[in-house]
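Descriptive structure summary
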Amino acid sequence: MDNKRVLLASRPTGWVTEDNFRIEAAPLPQPREGEVLVKNAFLSLDPYMRGRMNEGKSYAAKQEIGEVMIGGTVGEVVESKHPKFAKGDQVLGMLGWQQYGLSDGKGLNKVDASRVPLSAYLGVLGMPGVTAWVGLLDICQPKAGETVVVSAASGAVGSVVGQIAKLKGCRAVGIAGGSAKCDYVVKELGFDACVDYKAGRLNDDLKAAVPDGVDCYFENVGGEILDAVLRRMNPFSRIAVCGLISQYNATEPYGVKTIQSILTNRIRMQGFIVSDRMELWPKALPELVGWVAAGKIKYRETVAQGIENAPKAFIGLLKGENLGKQLVKL
Ligand SMILES: NC(=O)c1ccc[n+]([C@@H]2O[C@H](COP(=O)([O-])OP(=O)(O)OC[C@H]3O[C@@H](n4cnc5c(N)ncnc54)[C@H](OP(=O)(O)O)[C@@H]3O)[C@@H](O)[C@H]2O)c1
């Protein structure tokens, strides 16, 4: 039996293309003493992977050329020579873009898929869900009655941010690309308003959506959207810089024009990486599980079929073709 996998073939300049990846079939790995073999069921595709494809230094080590692409996975243990794992255990790990993965148990966690679907551990009950929780509740710290704006609002992180904001009694305003995404954000997720930044009236539409200004901005996008939101920020407001996806494939960085708002409004702006805040996961996850189980947080998944479609789906994610969490069913 083969293990089909996706390797980084070359580093992109600007936009990622399918040529930056190579798909190959390798022999099925055999676990040694202290190792487990996992059959991956779902692969998570995430914007951070774009940064790892670059040569330059970032907050995490770059992805090496010729190696299996990094990625979060959920799957089932098919063979175990590790005392803590048994055949049939369902596990969450970082086994990469491949059908099977070997693990020595480090970073591999058993998950209970009896009450929630296994795939949820890669989205709303995984890294993106906890990212939303940390950025909103720990960094922005919104109070009831305040206005929270989030960009990439229909996505894995953004959709959870707005719903938590509503649970905390805030006005939740999303920014998303296209009327279908905005309809989903308002009608299904319960945001108070959503601005379609692709409609060409970003500044006016945002102004109308935030009559009392913005107290918290959860930044996922950067570029012109950051400029537009900075114009609407209130005195002593907060910005959690979670991501800047509009810049990940840009060859020239966007120069923010309204930076003066940070001074005049005494804004606190803080970047964060969710993996730096591991101490908050045991607090965040049970809350997220409770909200999802009670139907208070809803989520959607866009699922590509088969490992060979992972590169195309990843490029689609960077272009906004996903609604909710982008996964690959392996
Ligand atoms: N700091 C951390 O620890 C951490 C952890 C996880 C994620 N993140 C960041 O959080 C953000 C969202 O990640 P996610 O996993 O939830 O992805 P996602 O929102 O599910 O998918 C990415 C979305 O970004 C939007 N987008 C792409 N290009 C854009 C552009 N030029 N302008 C405006 N929007 C654009 C698209 O939505 P539209 O169709 O609406 O444009 C696309 O669907 C990313 O920036 C990611 O890097 C950070």
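See above for the structure.
Definitions and cut-offs
Residues numbered from 1 in each chain as written. Predicted model: local features only at pLDDT ≥ 70, side-chain atom pairs only at ≥ 80, totals over all residues. Heavy atoms only, no water. Helix = DSSP H or I, 4+ residues; strand = E, 2+ residues; numbered from the N terminus. Buried < 20%, exposed > 50% of the residue type's maximum accessible area, 1.4 Å probe, protein only. Lys, Arg positive; Asp, Glu negative; His and termini not counted. Salt bridge = Lys/Arg side-chain N within 4 Å of Asp/Glu carboxyl O. Contact = heavy atoms within 4.5 Å. Axes fitted to C-alpha atoms, helices over the stretch in contact; angles between N-to-C directions. Parallel < 35°, antiparallel > 145°, perpendicular 65-115°, else oblique. Nonpolar A, V, L, I, M, F, W, Y, C, P; charged D, E, K, R; others polar. Disulfide = S-S within 2.5 Å.

Further remarks concern the side chain of Arg 52. In this structure, Arg 52 sits in helix 1 (residues 48-52). One buried charged side chain, Arg 52, makes no salt bridge at all; its nearest oppositely charged neighbour is Asp 276, positioned 9.7 Å away. Leave out the neighbours within four places in its chain, and Arg 52 touches Arg 11, Tyr 59, Ala 60, Ala 61, Lys 62, Gln 63 and Ile 70.

On to the packing of helix 2 (residues 127-140) against helix 8 (residues 281-293). Running from amino to carboxyl end, helix 2 crosses helix 8 at an angle of 105°, the nearest separation of the two axes being 10 Å. In this view, helix 2 runs roughly perpendicular relative to helix 8, as classed from their interaxial angle. Every residue of helix 8 that contacts helix 2 at Met 127, Gly 129, Val 130 and Trp 133 is listed here: Trp 281, Lys 283, Ala 284, Leu 285, Glu 287, Leu 288 and Trp 291. Tallied by class, the residues present in the contact of helix 2 with helix 8 amount to eight nonpolar, one polar and two charged.

Now for unusual backbone geometry. A positive phi angle, close to 50°, is found at Gln 141, a residue other than glycine. For Gln 141, a relative accessible area of 45% gives the class partly exposed. If you check the backbone angles, Arg 266 has positive phi at about 50° while not being a glycine. Note that Arg 266 resides in the loop between helix 7 (260-264) and strand 13 (268-271).

Looking at where Lys 57 falls in the secondary structure, it is placed in the loop between helix 1 and strand 4 (73-80). Taking the relative accessible area as the measure of exposure, Lys 57 reaches 84% and is therefore exposed. Taking the C-alpha atoms as reference points, Lys 57 and Ser 10, 47 residues apart in sequence, are found 17 Å from one another.

In this section: the state of the cysteines. The tally for this structure, following the rule as stated, stands at one disulfide. Across the disulfide, Cys 182 is cross-linked to Cys 194 (sulfur-sulfur distance 2.4 Å). What sets the handedness of the Cys 182 and Cys 194 disulfide is the S-S torsion sign, and at about -60° it is left-handed. On the criterion of sequence distance, the pair formed by Cys 182 in helix 4 (residues 179-188) and Cys 194 in strand 10 (residues 193-196) is long-range, its members being 12 residues apart. There is no split in this pair, since Cys 182 and Cys 194 are both buried. In this structure Cys 170 is not part of a disulfide, and its nearest cysteine sulfur, from Cys 216, lies 6.5 Å away. Unpaired in terms of disulfides, Cys 242 finds its nearest cysteine sulfur in Cys 140, a separation of 10 Å.

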